[in-house]
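Observations on the model geometry
Single-letter residue listing:
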Amino acid sequence: MTFKKYLPTLVCGFGAAVLSTVPGIKNFSCCLLVPGAAVFSILLDKKINRTNDKINIGKAIGFGFLTGFFATIFITTFEMLLTYVTKSNDFIQSIPQSEMVMRQWDLGSVVDDSLKLIKSVAKEIEKSGFSFIYLLMILSSNFIINSIFGMIGGALGMNLANRKAREENTDL
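Residues numbered from 1 in each chain as written. Predicted model: local features only at pLDDT ≥ 70, side-chain atom pairs only at ≥ 80, totals over all residues. Heavy atoms only, no water.

1. Quick word on the pattern of salt bridges
For the coordinates displayed, the defined rule picks out six salt bridges. Residues Asp 45 and Lys 59 are paired through a salt bridge, measuring 2.9 Å at the closest nitrogen-oxygen approach. Taken as a pair, Asp 45 in helix 2 (residues 29-49) and Lys 59 in helix 3 (residues 57-86) lie far apart in primary sequence, 14 residues in all. Given the relative accessible area of 33%, Lys 59 is considered partly exposed. What emerges from the salt-bridge pattern is a single network uniting Glu 99, Arg 103, Asp 112 and Lys 119. (Salt bridge = Lys/Arg side-chain N within 4 Å of Asp/Glu carboxyl O. Helix = DSSP H or I, 4+ residues; strand = E, 2+ residues; numbered from the N terminus. Buried < 20%, exposed > 50% of the residue type's maximum accessible area, 1.4 Å probe, protein only.)

Listed below in structure tokens is the structure:
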């Protein structure tokens with residue numbers, strides 16, 4: 001395995017992460033940016049290698065997974081840097097609404113324990129700009145979501161790339 005082989009996934013994952021820092025676009029990073037980046041990484045790989053070969057599902061899913069993985073690493077890094085600098089983030093802003101919703105569920109002591117943990121994470125972020133628990137939360141959630149949507153994007157990219165290859169072969 002060479003590094004160059006997976007460079008399109010790294011570049012496209014980075015691009016998706018950069019776009020996901022933009023307010024408004026950030027909300028669509030999992031379901032539009034990451035799959036779009038996976039599609040683009042497959043098309044970019046075909047263009048770099050100057051091949052018209054059919055892409056198999058394994059390669060497509062792998063490219064999608066890696067694009068989602070790299071997007072997760074960069075999104076988490078950017079989120080943690082912005083949180084460190086501003087000592088605030090969307091998590092802290094949404095605590096009052098989260099508390100209201102959790103109290104409505106009426107789950108007893110689970111709600112109290114959860115809120116205590118959430119508020120301790122918020123205090124750590126407001127004090128130092130960093131919380132290890134918050135890092136684990138966003139890293140794990142981004143990894144799961146971006147990997148799944150990346151693989152979906154990889155499958156869509158395979159379909160698009162193979163369709164283009166069929167059209168080019170029939171034109172010859």
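Additional details are given in the paragraphs that follow.
2. With respect to the side chain of Ser 41
Within the secondary structure, Ser 41 sits in helix 2. Those residues in contact with Ser 41, other than ones at most four positions away along the chain, are Pro 8, Thr 9, Cys 12, Phe 63 and Thr 67. (Contact = heavy atoms within 4.5 Å.)

3. Let's talk about the packing of aromatic side chains
Using the criterion set out here, one finds eight aromatic pairs in the structure. Summarising the aromatic geometry, the rings of Phe 14 and Phe 78 are spaced 5.9 Å apart at their centres and angled 70° between planes, so their arrangement reads as edge-to-face. Residue Phe 14 is found in helix 1 (residues 7-19), and its partner Phe 78 is found in helix 3; the two are separated by 64 residues along the sequence. Residue classification places Phe 14 among the partly exposed positions, given a relative accessible area of 38%. Among the aromatic residues, those joined into a cluster by ring pairs are Phe 65, Phe 69, Phe 70 and Phe 143. One Lys or Arg, Lys 87, reaches over the ring of Tyr 84 and ends 5.2 Å from the middle of that ring. (Phe/Tyr/Trp six-rings, centres within 6.5 Å; stacked < 30°, edge-to-face > 60°. Lys NZ or Arg CZ within 6 Å of the ring centre and 35° of its normal.)

4. Some words on a nonpolar patch on the surface
A surface patch of nonpolar side chains, about 800 Å² in accessible area, is lined by Phe 65, Phe 69, Ile 73, Leu 139, Phe 143, Ile 144, Ile 145, Ile 148, Ile 152 and Leu 156. Elements with a minimum of two residues in the nonpolar patch: helix 3 and helix 7 (132-171). For the nonpolar patch, the leading source of residues is helix 7, giving seven residues. Looking at where Phe 69 falls in the secondary structure, it is placed in helix 3. (Patch = residues over 30% accessible without salt bridge, like charges linked within 9 Å, V, L, I, M, F, W, Y side chains within 5 Å. Areas by Shrake-Rupley, 256 points an atom, 1.4 Å probe, with all protein chains shown as cover.)

5. Quick look at the domain arrangement of the protein chain
Domains assigned within the protein chain are domain 1 (2-87 + 129-171) and domain 2 (90-128). Centre-to-centre, using C-alpha coordinates, domain 1 lies 31 Å away from domain 2. Facing the 11 residues of domain 1 at the interface are 10 residues of domain 2. Across the domain 1 to domain 2 interface the summed buried area is about 830 Å²; carbon plus sulfur atoms make up 59%. Looking only at domain 1, the three residues that lose the most surface to domain 2 are Lys 87, Ile 133 and Tyr 134, adding up to 45% of its buried area. (Domains from an automatic or database assignment. Buried area = accessible area lost by both parts, 1.4 Å probe.)

6. Details of the side chain of Asn 162
Tracing the sequence through the fold places Asn 162 in helix 7. Among all residues touching Asn 162, those that are not within four sequence positions of it are Asp 53, Lys 54 and Ile 55.

7. Observations concerning the nonpolar core
Within the largest apolar cluster, 14 residues are counted, with the highest numbers of intra-cluster contacts made by Phe 91, Ile 125 and Tyr 134. Elements represented by at least two residues in this core include exactly helix 4 (90-93), helix 5 (95-105), helix 6 (109-128) and helix 7. If one sorts the elements of this core by residue count, helix 6 sits on top with six residues. Apart from residues lying up to four places away in sequence, Tyr 134 is in contact with Glu 79, Met 80, Thr 83, Asn 89, Phe 91, Val 121 and Ile 125. The next biggest cluster of nonpolar side chains, apart from the first, holds eight residues, and it includes Ala 16, Val 34, Ala 37 and Ala 71. (Core = buried A, V, L, I, M, F, W, Y, C linked by side-chain atoms within 4.5 Å.)

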